[in-house]
Amino acid sequence: MRIERELEGLRAATGAWRAAGRRIALVPTMGALHAGHLALVAEARRRADAVVTSIFVNPLQFLPGEDLDRYPRDEAGDLAKLREAGCDLAWLPTPAVMYPPGAATVIEPAGPAEGWEGAERPGHFRGVATVCTKLFMMTRADVAVFGEKDWQQLQVIRRVVADLHLPLEIVGLPTVRDTDGLALSSRNQRLAPEHRARAAALPRRLDALAAALAAGRPAGDALAEARAALAAEGFGVDYLALVVPETLAPWPGGQTGEARLIAAARLGDVRLLDNIPARVLA
Ligand code: PAF
């Protein structure tokens, strides 16, 4: 596996692949890789001839006071996992490569970026959209693979790619979960043991909520009850909502169809995000 930290090296590799007619897949990550990331790499392998995985803890998507400094980092472990997974190139730009002195251009997404994470973390999706657009341009990928765990992020990326006419396909993969149902996330490492033991109550509540909605229970009541139950279980609930999957707009009352349940809840200083599909019977 090739490891590149400078744009020249990355461009030489991807340029040669393109000249040879090879299809390039990108898996954007912030490192601290787990089985969920490796599933993305495996999917990228199936969809392309050459796989690039980027590892970059993007300062632009962290708000002041968030966990940028405490974000888990394990470069040696990540590279070993990527080698094992059959990745062809690990792209490890430094902040100065990604944002050279004087850099002043950002991508400001609206639409699905508004509300939920966008409201809780103002500027977060500007950082995500900007770095992903840069990664797409730097790698000249034909396809990029993202996890559905960050559902709103995936919809924002799809919107940006469509709006900017970027010539690549975006693929979303279902969330990979631990044996107790907790969605895998690099931040799970930071959960205190007592919080980790309690964390799977979040996906359990989402599943129960989806079952209630599919049985025709009014969404407002079911959501309020689930929020209260999570609070009683010790979660600080930032939001728990039923939304239109692609736009993230609140699900219209009285409408039957395929919606998405999205949630963000805190245990200690770790924020857990989760989401699942929900069939609503109105
Ligand atoms: O989901 C992530 O890990 C990050 O938001 C991403 C897409 C790599 C952009 O920094």
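Residues numbered from 1 in each chain as written. Predicted model: local features only at pLDDT ≥ 70, side-chain atom pairs only at ≥ 80, totals over all residues. Heavy atoms only, no water.

J.: Quick question: what am I supposed to make of the sheet that holds strand β5 (residues 143-147) here?
T.: A sheet is described by the order of its strands in space; here 6 strands give the open sequence β1-β4-β3-β2-β5-β6, paired in parallel fashion. Taken across any chain shown, the strands that pair with only one partner, and hence form the sheet edges, are β1 (2-4) and β6 (169-173). If you compare each strand with its neighbour and ignore which way they point, the axes differ by 25° on average. The sheet contact formed by strand β3 (residues 50-55) and strand β4 (residues 89-91) spans 3 bridges and is parallel. Across the sheet, T53 pairs through a bridge with A90, a residue of β4. Contacting β1, β3 and β4, helix α3 (residues 75-85) crosses the sheet at an angle of about 165° to β3. (Pairing = 2+ DSSP bridges. Helix = DSSP H or I, 4+ residues; strand = E, 2+ residues; numbered from the N terminus. Axes fitted to C-alpha atoms, helices over the stretch in contact; angles between N-to-C directions. Contact = heavy atoms within 4.5 Å.)

J.: What am I meant to see in the packing of helix α2 (residues 35-47) against α3 here?
T.: How two helices sit against one another is set out by the angle between their axes and by the gap between those axes. Interaxial distance between α2 and α3 falls to 10 Å at its minimum, and their mutual angle equals 35°. The handedness of the crossing between α2 and α3 comes out as right-handed. Between α2, through L38, V41 and R45, and α3, the contact on the second element is made entirely by K81, L82 and A85. For the contact of α2 with α3, the per-class residue count stands at 4 nonpolar, no polar and 2 charged. (Left-handed = near helix turned anticlockwise from the far one by under 90°. Nonpolar A, V, L, I, M, F, W, Y, C, P; charged D, E, K, R; others polar.)

J.: Explanation requested: unusual backbone geometry in the structure shown.
T.: In this structure, W116 is a non-glycine residue whose phi angle is positive, near 50°. Here W116 shows up in the loop between α4 (95-98) and α5 (117-120). Phi is positive for L248, which is not a glycine, with a value near 70°. Counting through the fold element by element, L248 comes out in the loop between β7 (236-243) and β8 (257-267). Since its relative accessible area comes to 3%, L248 is described here as buried. (Buried < 20%, exposed > 50% of the residue type's maximum accessible area, 1.4 Å probe, protein only.)

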